[in-house]
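# Overview (structure and organization)
So the chains spell out like this:
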Amino acid sequence: MQVYKTFFKVAKNYTGGCIIYLTVFLILMICMSFLSSSDSENKFSASSVKFTVIDEDCSDASRALIDYLSEKHELVELDSYDNEMLQDNLYYVQIRYILNIPSGYEKNLEKGEFDHLLSHSMRTDSASGYFVNQDISSYINTLRMNLKGGYDLKEALDKTAKSIESTKSEVETIEFEKTAKNENKNIFYFFQYFAYIAISLLIVGISPILISFHKEDLAARVACSSYSGVRQSLEIGLGCITYAIGMWLFLMICAVVVYGPAQAFSFHGLLCMANSFVYTIVIIAITLLVGSFSLDSASLSLVSNVLSLGTSFLCGVFVPLWMLSDNVLAFSKFLPGYWYIKSNNMISGFTGEAVSMDTYLRNIGIQLLFAAAIFSVYLVVNMNKKKSTH
């Protein structure tokens, strides 16, 4: 096991930097988990959005829509509705949503023309505007069904108001707070950001060690020994696995200490731990592939940032999956991080999806397939590299 022992002797040279990275990232991850949890509480407890309306139609239909929105959100009257004033109010968060009801809105409803009925402006750095859009879509869809059901516009408006009020009462009977006030939510955010932290830690921690083994002097010394190439690769791989599992165990211990055994060892907490362990295996394969290239420290740092930040933004770590476009989601499915986050979101209840063990195991299996595929590429690259040196 000389190569295995040498692996950790080389690792000692990078211990200081790794401890700094680990400490900073750990503090950052814990802080982000608590801050994100606090933000989530505010988002779910917020019942209204400040909005204003530019009503160019001034009809019964437009006033009915405004009355409906005013019941759910806070209508703000402005002194002026010129473009500069509206933009200023959006910028200074006096309002978060501007609804424009164009002239002819009521006539278009009577004609059954529902395309491009309304327009809006909103702050793109907040999810609140999307909730207003959802409320408006619900109202228009209900109104459309009533109009197509044979009611005239006045009757359809009355029916829509009553049906939405009825639906509102039914929704309020659902105990949605069980998801929003989940006692385990802090630790779920910890595992959400684990996807970002783990990639950075392992690539920065292990890749320099792997690159050291590819240096001419050390490679020549190992080649002169009785060690076969297969045995050397296996012991290096074992060193990587030991290093990665050690990092994973340390982070899990930190999670237990910070969030408590009740959260960490709950059924859902254990599912998150298992999910993170499988994702760690994927990251090991990625790290082995990155380490097979002789990169300098600057290039290694660049690759680490691209992989950690890129996958985090594309796979739902920093931006919720439901806010990503269909094209981005289609691309994200070709990244292992997407399936890790899908499982974490399902376990945590962030998406309102019931926990399904079949879905969970499917996501775990897909991650393992990614690990096997990436590791196969690493083996091919490593073999070709050794052939080129002989």
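Residues numbered from 1 in each chain as written. Predicted model: local features only at pLDDT ≥ 70, side-chain atom pairs only at ≥ 80, totals over all residues. Heavy atoms only, no water.

So, on to the overall build of the protein. On a plain count of helices and strands, the protein comes out with 17 helices and 4 strands. Relative to its full complement of 390 residues, the protein shows a buried share of 44%. Pairs at least 24 residues apart make up 76% of the contacts formed inside the protein by residues separated by at least 6 positions. When the accessible surface of the protein is split by element, carbon and sulfur atoms take 60% of a total near 21000 Å². (Helix = DSSP H or I, 4+ residues; strand = E, 2+ residues; numbered from the N terminus. Buried < 20%, exposed > 50% of the residue type's maximum accessible area, 1.4 Å probe, protein only. Contact = heavy atoms within 4.5 Å. Areas by Shrake-Rupley, 256 points an atom, 1.4 Å probe, with all protein chains shown as cover.)

Another aspect to go through is the nonpolar core. Ranked by internal contacts, the top residues of the largest apolar core, which has 74 residues, are F190 and L251. The set of elements that each furnish at least two residues to this core consists of α1 (2–12), α2 (15–45), α9 (185–213), α11 (229–259), α13 (267–291), α14 (297–315), α16 (336–348) and α17 (357–389). At 20 residues, α9 tops the list of elements feeding residues into this core. Ignoring sequence-local partners within four residues, the contact set of L251 consists of L22, L26, M29, F190, F194 and L201. By size, the runner-up hydrophobic cluster in this structure holds 26 residues, among which are L65, Y68, F114 and L117. (Core = buried A, V, L, I, M, F, W, Y, C linked by side-chain atoms within 4.5 Å.)

In this section: the sheet that holds strand β2 (residues 74–75). If you walk across this open sheet you meet the 4 strands as β2-β1-β3-β4, and the pairing is mixed. At either margin of the open sheet sits one strand with a lone partner, and together these are β2 and β4 (119–122). As defined by bridge partners, strand β3 (residues 97–101) adjoins β4 across 4 bridges and the pair is classed as antiparallel. By the bridge assignment, L99 is partnered in β4 with H120. Sheet strands touched by helix α6 (residues 128–148): β3 and β4. Its angle to β3, the strand with the most contacts, is close to 30°. (Pairing = 2+ DSSP bridges. Axes fitted to C-alpha atoms, helices over the stretch in contact; angles between N-to-C directions.)

On to the pattern of salt bridges. Within this structure, the stated rule accounts for 3 salt bridges. A salt bridge links K72 to D135; the nearest nitrogen and oxygen atoms lie 3.0 Å apart. Note that K72 is positioned in helix α3 (residues 60–72) and D135 in helix α6, a separation of 63 residues in sequence. Look at K72 and you get partly exposed, because its relative accessible area is 30%. (Salt bridge = Lys/Arg side-chain N within 4 Å of Asp/Glu carboxyl O.)

Among the 5 residues that make up β3, 5 are buried, leaving the element largely enclosed by the rest of the structure. Side chains Y97, L99 and I101 project from β3 onto one buried face, and the interleaved I98 and N100 project onto a second face that is buried too. The pairing of strand β1 (residues 50–55) with β3 spans 5 bridges and is parallel. Looking at the pairing, T52 lines up with I98 of β3.

Let us now look at the packing of α3 against α6. Where α3 meets α6, the closest approach of the two axes is 11 Å, and the angle between their N-to-C directions is 135°. Taken as axis vectors, α3 and α6 run oblique relative to one another. Once α3 is placed against α6, the crossing between them reads as right-handed. Contact residues: α3 offers A64, L65, Y68, L69 and K72, while α6 offers D135, I136 and Y139. Considered class by class, the residues forming the contact of α3 with α6 number 6 nonpolar, no polar and 2 charged. (Parallel < 35°, antiparallel > 145°, perpendicular 65-115°, else oblique. Left-handed = near helix turned anticlockwise from the far one by under 90°. Nonpolar A, V, L, I, M, F, W, Y, C, P; charged D, E, K, R; others polar.)

Bringing the side chain of S207 into the picture now. Turning to its location among the elements, S207 is positioned in helix α9. Of note is the side chain of S207, whose polar atom sits 3.0 Å from the backbone oxygen of I203. For S207, the residues in contact, after removing those within four places along its chain, are L202, T287, V290, G291 and L300. (Polar contact = N/O pair within 3.5 Å; in protein donor to acceptor, adjacent residues only side chain to side chain.)

Bringing α13 into the picture now. Taking 1.5 Å per residue, 25 residues should reach 36 Å; α13 reaches 36 Å between its end C-alpha atoms and fits that length. The buried fraction of α13 amounts to 18 of the 25 residues, a majority that puts the element mostly inside the structure. (Expected span 1.5 Å × (residues − 1).)

Okay, α14 next. In a regular helix each residue adds 1.5 Å, so 19 residues correspond to 27 Å; α14 covers 26 Å between its end C-alpha atoms and thus fits that length. Listed in full, the buried residues belonging to α14 are L300, S304, S308, T311, S312 and C315. For α14, the arc enclosing every buried residue in end-on projection is 105°, short of the 170-degree limit, so these residues lie on one face. Exposed positions of α14 whose direction lies more than 90 degrees from the buried face are A298, L302 and V306. Within two residues after α14, G316 carries a phi angle of roughly 100°, on the positive side. (Arc of directions from axis to C-beta.)

Moving on, we come to the packing of α13 against α16. One way to put it is that α13 packs onto α16 with a least axis distance of 10 Å and a crossing angle of 175°. The angle between α13 and α16 places the two elements in the roughly antiparallel class. Taken together, the residues of α16 that come into contact with α13 (itself represented by H268, L271, C272, N275, S276, Y279 and V282) are P336, G337, Y340, S343, N344 and I347. Broken down by class, the residue content of the contact of α13 with α16 amounts to 7 nonpolar, 6 polar and no charged.

On inspection of all chains with the given rule, the structure shows 13 aromatic pairs. On the numbers, 4.9 Å between centres and 25° between planes, the contact of Y68 with Y139 is stacked. With Y68 in helix α3 and Y139 in helix α6, this pair connects stretches of sequence that are 71 residues apart. The exposure class of Y68 is buried, given its relative accessible area of 8%. Consider the rings of Y279 and Y340, whose centres lie 4.8 Å apart with planes at 20°: the pair is stacked. In this pair, Y279 sits in helix α13 while Y340 sits in helix α16, placing the two residues 61 residues apart along the sequence. (Phe/Tyr/Trp six-rings, centres within 6.5 Å; stacked < 30°, edge-to-face > 60°.)

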